[in-house]
Amino acid sequence: MSMNIAIDGPAGAGKSTIAKLVAKKQGYIYVDTGAMYRAMALYLHRQGIDPTDQAAISAACEKPDISIRYEDGTQVVLLDGENVNGLIRTEEVSRMASLSSANPDVRKRLVALQQKLAAEADVVMDGRDIGTVVLPDAQVKVYLTASVEERARRRYEEQKAKGLDVNIEEIKADIEQRDHQDMTRETSPLRQADDAVLVDSSDMTIEEVADKILSLC
Ligand code: DC
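Report on the accompanying structure. Owing to the predicted nature of the structure, the values given are computational and were not obtained by experimental measurement. (Residues numbered from 1 in each chain as written. Predicted model: local features only at pLDDT ≥ 70, side-chain atom pairs only at ≥ 80, totals over all residues. Heavy atoms only, no water.)

Overview of the site of the ligand
And step 1. Inspection of the region around the ligand gives 15 residues, with Arg38, Arg107, Arg128, Asp129 and Arg185 positioned closest.
And step 2. At a separation of 2.9 Å, a nitrogen atom of the ligand approaches a polar side-chain atom of Asp129.
And step 3. Alone, the ligand offers 440 Å² of accessible surface; in the complex the protein occludes 90% of this.
And step 4. Every element with two or more residues in the shell around the ligand is listed here: helix H2 (33-46) and helix H4 (91-100).
And step 5. Broken down by element, the residue count for the shell around the ligand peaks at four residues, all from H2.
And step 6. In the shell around the ligand, the residues fall into three nonpolar, five polar and seven charged. (Near = heavy atom within 4 Å. Polar contact = N/O pair within 3.5 Å; in protein donor to acceptor, adjacent residues only side chain to side chain. Areas by Shrake-Rupley, 256 points an atom, 1.4 Å probe, with all protein chains shown as cover. Helix = DSSP H or I, 4+ residues; strand = E, 2+ residues; numbered from the N terminus. Nonpolar A, V, L, I, M, F, W, Y, C, P; charged D, E, K, R; others polar.)

Topic: helix H5 (residues 104-120)
And step 1. A rise of 1.5 Å per residue sets the reference length of H5, with its 17 residues, at 24 Å; its end C-alpha atoms lie 24 Å apart and thus fit the reference within 8%.
And step 2. Taken residue by residue, H5 has Val106, Arg107, Leu110, Val111, Leu113, Gln114, Leu117 and Ala118 as its buried positions. Down the axis of H5, the buried set is contained in an arc of 165°. They therefore lie on one face. Projecting away from the buried face of H5 at angles above 90 degrees are the exposed residues Lys108, Lys116, Ala119 and Glu120.
And step 3. N-cap assignment for H5: the residue whose side-chain oxygen lies 2.8 Å from the backbone N of Asp105 is Asn103. (Expected span 1.5 Å × (residues − 1). Buried < 20%, exposed > 50% of the residue type's maximum accessible area, 1.4 Å probe, protein only. Arc of directions from axis to C-beta.)

So, in structure tokens, the structure goes:
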């Protein structure tokens, strides 16, 4: 049986940084499920679909082929065979992903792909519903969070370092809105699984958080 580590939590809690580090230390594959929702969102955006039109999203989401490949240990998301890694972090795609990931038909397709990956290999998988829905039997489950202020500060520093002109209050408001959307949606809302270990990274370093998770393995 493969080993599965599930890491869920809100945007900006540091899930991907931590999941990558834990995967490297354990020799597991890191599966970024948010990137799959983003690839689907890119497809829907390219089709000119209105992000609030759930019927149109349901009809369109059956069409694209979304798959994952690993190149030198890095996850590459393929949308109909095209490597879209560099195209899925834009504002439009984030907004579409946030709305389209609430659609049950979108989730059904991507959850099936995620479960297949986890059955075939030892994985560290991060997302919003991994411990609750995708991998309910994962051997290790972590709910990773941090205060809204700290998450906003991290995103602010990250974007400032990229030379972007950013406003911390706007980032904070955006994070609060995404949290609300992710936690209140009807299908697979973000919540801590009953058997998940809560880790609040507000006052922890990356190494400390990774060590904490490794101690659970
Ligand atoms: O983690 P991220 O920002 O890349 O995720 C993109 C969007 O997909 C975000 O709105 C949350 C959603 N998502 C989800 O609903 N379920 C997951 N397992 C992963 C991400």
